[in-house]
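A closer look at the structure
The residues making up each chain are set out below.
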Amino acid sequence: MAVKIRLMRMGAKKAPFYRVVVADSRSPRDGRFLENLGVYHPNNEPSKVEIDTDKAAAWLAKGAQPTEAVAKLLAIAGVEGMAERKQAAKALRATVATAKAEPKAKAKGGAKGGAKGGAKARAKK
């Protein structure tokens, strides 16, 4: 079972607050969840983040994957290791992006003249 740590929207229309929950990735956004880790109030000034860091660290150790928004909130709340995980993920994305760009650059420079046209195709006619 793929487990995610994500936000669950609560509150009135145009006045949201969010619960930080651990849920199965297949369950709906506001549906069934396994455990409530805390709350996030974005409309307060400054916005309020209350997360049980011990529970969050335990779920991360079990392999739960936080969403991007929750990863930022966990870093703000001070969950150990979140800053390092964020930097490692950023480095991994940069590596993947460069690896994807290299084959495209080789393909563009390798073949001159297309299969459809060119001087040779016109000369044969």
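Residues numbered from 1 in each chain as written. Predicted model: local features only at pLDDT ≥ 70, side-chain atom pairs only at ≥ 80, totals over all residues. Heavy atoms only, no water.

With respect to unusual backbone geometry
Pro46 follows Glu45 through a cis peptide bond whose omega is -5 degrees. The residue Pro46 is located in the loop between β3 (35–41) and β4 (48–51) in this model. Of note in this structure, Lys14 is not a glycine but carries a positive phi near 65 degrees. Here Lys14 is to be found in the loop between β1 (3–12) and β2 (15–24). (Helix = DSSP H or I, 4+ residues; strand = E, 2+ residues; numbered from the N terminus.)

Points about a negative patch on the surface
Where like charges cluster on the molecular surface, the negative patch consists of Asp52, Asp54, Glu80 and Glu84. Taking relative accessible area as the criterion, Glu84 reaches 51% and is therefore assigned exposed. (Patch = residues over 30% accessible without salt bridge, like charges linked within 9 Å, V, L, I, M, F, W, Y side chains within 5 Å. Areas by Shrake-Rupley, 256 points an atom, 1.4 Å probe, with all protein chains shown as cover. Salt bridge = Lys/Arg side-chain N within 4 Å of Asp/Glu carboxyl O. Lys, Arg positive; Asp, Glu negative; His and termini not counted. Charge placed at Lys NZ, Arg CZ, Asp CG, Glu CD. Buried < 20%, exposed > 50% of the residue type's maximum accessible area, 1.4 Å probe, protein only.)

As for the side chain of Asp24
Turning to its location among the elements, Asp24 is positioned in strand β2. Overall, Asp24 belongs to the buried group, its relative accessible area being 10%. There is a polar contact of 3.1 Å between the side chain of Asp24 and the side chain of Arg26. In this view, Asp24 contacts Met1, Ala2 and Arg6; residues no more than four positions away in its chain are not counted. (Polar contact = N/O pair within 3.5 Å; in protein donor to acceptor, adjacent residues only side chain to side chain. Contact = heavy atoms within 4.5 Å.)

A few points about the sheet that holds β4
Where strands meet in a sheet, backbone hydrogen bonds hold them as pairs that are either parallel or antiparallel. A sheet is described by the order of its strands in space; here five strands give the open sequence β4-β3-β2-β1-β5, paired in mixed fashion. One side of each edge strand has no neighbouring strand; the edge strands of this open sheet are β4 and β5 (65–66). One ladder, built from five bridges, connects β2 with β3; its direction is antiparallel. The residue bridging Val20 from the neighbouring strand is Gly38, located in β3. Along the sheet face, helix α1 (residues 53–62) touches β1, β2, β3, β4 and β5 and points at about 125 degrees away from the line of β3. (Pairing = 2+ DSSP bridges. Axes fitted to C-alpha atoms, helices over the stretch in contact; angles between N-to-C directions.)

Section: the pairing of β1
For β1 and β2, the ladder comprises 10 bridges, and the chain directions are antiparallel. The partner of Arg6 across the bridge, within β2, is Val21. A loop of two residues connects β1 with β2, the two strands running antiparallel in sequence, and Lys14 in this loop sits at a positive phi of about 65 degrees.

Description of the confidence of the model for the protein
Here the protein shows a mean pLDDT of 83. Residues at 70 or above account for 82%. The element-level mean pLDDT for the protein is lowest in helix α4 (residues 119–124), coming to 62, with β3 highest at 94. (pLDDT = per-residue confidence, 0-100.)

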